[in-house]
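Here's the letter readout for the chains.
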Amino acid sequence: MSAMHATAAPDWRPVAFKEWQLVAEAIASGEQSILLRKGGISEGKAGFQWLHERFFLFPSRFHEQVEQVTPLPDGSLRSFASQPGLAEDDIVFSVYVETLASGRITDWEEVLRLAPYHIWREEIVRERFEWGEEPGLAWATIRAWRMDPPWILKDRATFGGCRSWFGLPADEGGDWRTHLTAAEMVEPICGRPCWLESI
């Protein structure tokens, strides 16, 4: 692990980016170093935008994602990490992310080159790529930190819906900056697709 610490400006208000829990776990373990997004009707006319350079990952949990990601290196299916002692309405924020570069990719052959850097199955990525009026995906290469112990908040109506971004209550769940200061930076064992910045 690197000694580089996660940082946030004194006036920064915590925000979250909604992502599959299995993807968040893969990022925390160094198996994934990019984020891909298409956006939807809730993103507005402009479509999905990387609105923030720093954010927590909100772990979206639904059973179907197990079949929509690649297996573990040993060939077994992925499963949700055990979280003992949590209430049903507890949301666990254990991954903090900074974007290093971002853009849009419209060439499917280039998208295929990203396979070593994420865990989504090809057919899922293709479905996202082709959805909507124009083929393409928004991408971001990332640096991530794993927070242990995590920052835990109660679920609420404002966390629902199909939005990618939403603000977090900074005054709940203890001091989020304490969790951030103690976070460990993740070294991506998959590397990063630095070539993306030149396309």
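In what follows, the structure referred to is the one given above.
Now for a description of the structure that goes with this document. Bear in mind the structure is a predicted one, so any value in this text is a computation, not a measurement. (Residues numbered from 1 in each chain as written. Predicted model: local features only at pLDDT ≥ 70, side-chain atom pairs only at ≥ 80, totals over all residues. Heavy atoms only, no water.)

Some points on the overall build of the protein chain
Of regular secondary structure, the protein chain possesses four helices and seven strands. Reading the helices (α) and strands (β) of the protein chain from amino to carboxyl end gives β-α-β-β-β-α-α-β-β-α-β. In terms of overall dimensions, the protein chain is globule-like: its C-alpha atoms have a radius of gyration of 16 Å, near the 16 Å expected for 199 residues. Overall size of the protein chain, expressed as C-alpha extent along the three principal axes, is 45 × 40 × 35 Å. Relative to its 199 residues, the protein chain shows a buried fraction of 47%. Of all intrachain contacts in the protein chain linking residues separated by at least 6 positions in sequence, the fraction that spans at least 24 positions is 84%. Carbon and sulfur atoms make up 52% of the accessible area of the protein chain, which totals about 10400 Å². In the protein chain, the 20 positive side-chain charges and the 30 negative ones have mean positions that sit 3 Å from each other. (Helix = DSSP H or I, 4+ residues; strand = E, 2+ residues; numbered from the N terminus. Rg over C-alpha atoms; globule rule 2.2 N^0.38 Å. Buried < 20%, exposed > 50% of the residue type's maximum accessible area, 1.4 Å probe, protein only. Contact = heavy atoms within 4.5 Å. Areas by Shrake-Rupley, 256 points an atom, 1.4 Å probe, with all protein chains shown as cover. Lys, Arg positive; Asp, Glu negative; His and termini not counted. Charge placed at Lys NZ, Arg CZ, Asp CG, Glu CD.)

Some remarks on the pattern of salt bridges
Inspection of the entire model under this criterion finds nine salt bridges. For Glu-19, the salt bridge is made with Arg-37, and the minimal N-O distance between the two is 3.4 Å. With Glu-19 in strand E1 (residues 15–20) and Arg-37 in strand E2 (residues 34–37), this residue pair connects regions lying 18 residues apart in the sequence. Like Arg-37, Glu-19 is buried. Connected through salt bridges with shared partners, the residues Arg-54, Glu-98 and Arg-143 form a single ionic network. (Salt bridge = Lys/Arg side-chain N within 4 Å of Asp/Glu carboxyl O.)

Notes on the nonpolar core
Counting 62 residues, the largest nonpolar core has Phe-56, Phe-93 and Leu-168 as the members making the most contacts within it. Per-element accounting of this core gives the leading share, ten residues, to strand E5 (residues 137–154). (Core = buried A, V, L, I, M, F, W, Y, C linked by side-chain atoms within 4.5 Å.)

A few points about the pairing of E1
Here E1 lies mainly inside the structure; six of its six residues are buried. As judged from the three bridges shared by E1 and strand E6 (residues 165–167), these two strands associate in the antiparallel manner. Bridging from a neighbouring strand, Val-15 pairs with Gly-167 of E6. Two elements, E1 and strand E3 (residues 54–60), share five bridges in a ladder whose sense is parallel. In the sheet register, Trp-20 faces E3, and the bridge partner there is Ser-60. (Pairing = 2+ DSSP bridges.)

Topic: the pairing of E5
With four bridges connecting them, E2 and E5 associate as antiparallel partners. Directly across from Ile-34, in E5, lies its bridge partner Thr-141.

With respect to the side chain of Arg-128
With respect to the helices and strands, the residue Arg-128 is situated in helix H3 (residues 122–130). In this structure, Arg-128 is buried with no salt-bridge partner, the nearest side chain bearing the opposite charge being Glu-19 at 4.7 Å.

Topic: H3
Ile-124, Val-125, Arg-128 and Phe-129 are the residues of H3 that are buried. Down the axis of H3, the sector holding all buried residues measures 135°, keeping them to one side. Relative to its buried face, H3 has exposed residues pointing more than 90 degrees away, namely Glu-123 and Glu-127. Buried-residue contacts for H3 involve E1, E2, strand E4 (90–105), helix H2 (108–112) and E5. With its phi angle positive at about 90°, Gly-132 sits one or two positions after the end of H3. (Arc of directions from axis to C-beta.)

Remarks on the packing of aromatic side chains
Counted according to the given criterion, the structure contains 24 aromatic pairs. Each ring, one from Phe-56 and one from Trp-176, has its centre 6.2 Å from the other, and the planes form 90°; the classification is edge-to-face. Taken together, the residues Phe-56 in strand E3 and Trp-176 in helix H4 (residues 176–181) connect sequence positions 120 residues apart. Among the residues examined, Phe-56 registers a relative accessible area of 0% and is labelled buried. The exposure class of Trp-176 is buried, given its relative accessible area of 5%. In this structure an aromatic cluster arises from ring pairing among Trp-12, Phe-56, Phe-58, Phe-93, Tyr-96, Trp-145, Trp-151, Phe-159, Phe-166 and Trp-176. It is Lys-18 that lies over the ring of Phe-58; its NZ or CZ is 5.3 Å from the centre. The positively charged end of Arg-126 is found above the aromatic ring belonging to Trp-108, 4.5 Å away from the centroid. (Phe/Tyr/Trp six-rings, centres within 6.5 Å; stacked < 30°, edge-to-face > 60°. Lys NZ or Arg CZ within 6 Å of the ring centre and 35° of its normal.)

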